[in-house]
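Inside the fold
Next come the chains, spelled out residue by residue.
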Amino acid sequence: VVSDSATVAVLDLDCGQPELSVPGLVTLSLASKPLLSDPPMHMLCSGETDGDDNNIVGRQESAYFFGDITSKADPDKYIEMANLLLQRYNLFKEERIENGKG
């Protein structure tokens, strides 16, 4: 949870049935409303949503195209992308702390 608001960082590593993106991607997204609908209703394909009643207000902080719906296709590449997203999350946290928002 990002502490200055109700924003939550979501590290979505399910490349087959992702919550906030299309299949084949692994993402780090920020959400500021609960995920109460089915994934197609709150995907962040364009980077941000408009915040209407059916969508979360959020944005993708980082995304990588894995290119398959199972991590078994290339486990090393999958782990590398997961580590890159985790590094981006840690950098994001540090930036917020430096700016007095974390």
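Residues numbered from 1 in each chain as written. Predicted model: local features only at pLDDT ≥ 70, side-chain atom pairs only at ≥ 80, totals over all residues. Heavy atoms only, no water.

**Regarding the sheet that holds strand S1 (residues 8–12)**
Hydrogen bonds along the backbone pair up the strands of a sheet, which may run parallel or antiparallel. Worth spelling out the cut-off: By this definition, two strands are paired if DSSP reports at least two bridges between them. Note on conventions: DSSP H or I runs of at least 4 residues are helices, E runs of at least 2 residues are strands, and numbering of each starts at the N terminus. Lines fitted to the C-alpha atoms define the axes, with helices restricted to the stretch that makes contact. Angles between their N-to-C directions range from 0 to 180 degrees. Contacts are assigned to residue pairs with any non-hydrogen atoms lying within 4.5 Å of each other.
Spatially, the three strands line up as an open sheet ordered S1-S2-S3, and their pairing is antiparallel. Single-partner strands in this sheet number two, and they are S1 and strand S3 (58–65). Direction aside, neighbouring strands of the sheet carry axes that sit 10 degrees apart on average. Sitting on the sheet, helix H1 (residues 75–98) touches S1, strand S2 (25–31) and S3, and the angle it makes with S3 is about 150 degrees.

**Some thoughts on the environment of Ala82**
Our working rule: Relative accessibility thresholds used throughout: buried, under 20% of the residue-type maximum; exposed, over 50%; partly exposed, between the two (1.4 Å probe, protein chains only).
Assignment of secondary structure puts Ala82 in helix H1. On the accessibility criterion, Ala82 (14% relative accessible area) is buried. Distance in space between the C-alpha atoms of Ala82 and Leu28 is 9.5 Å, their sequence separation being 54 residues.

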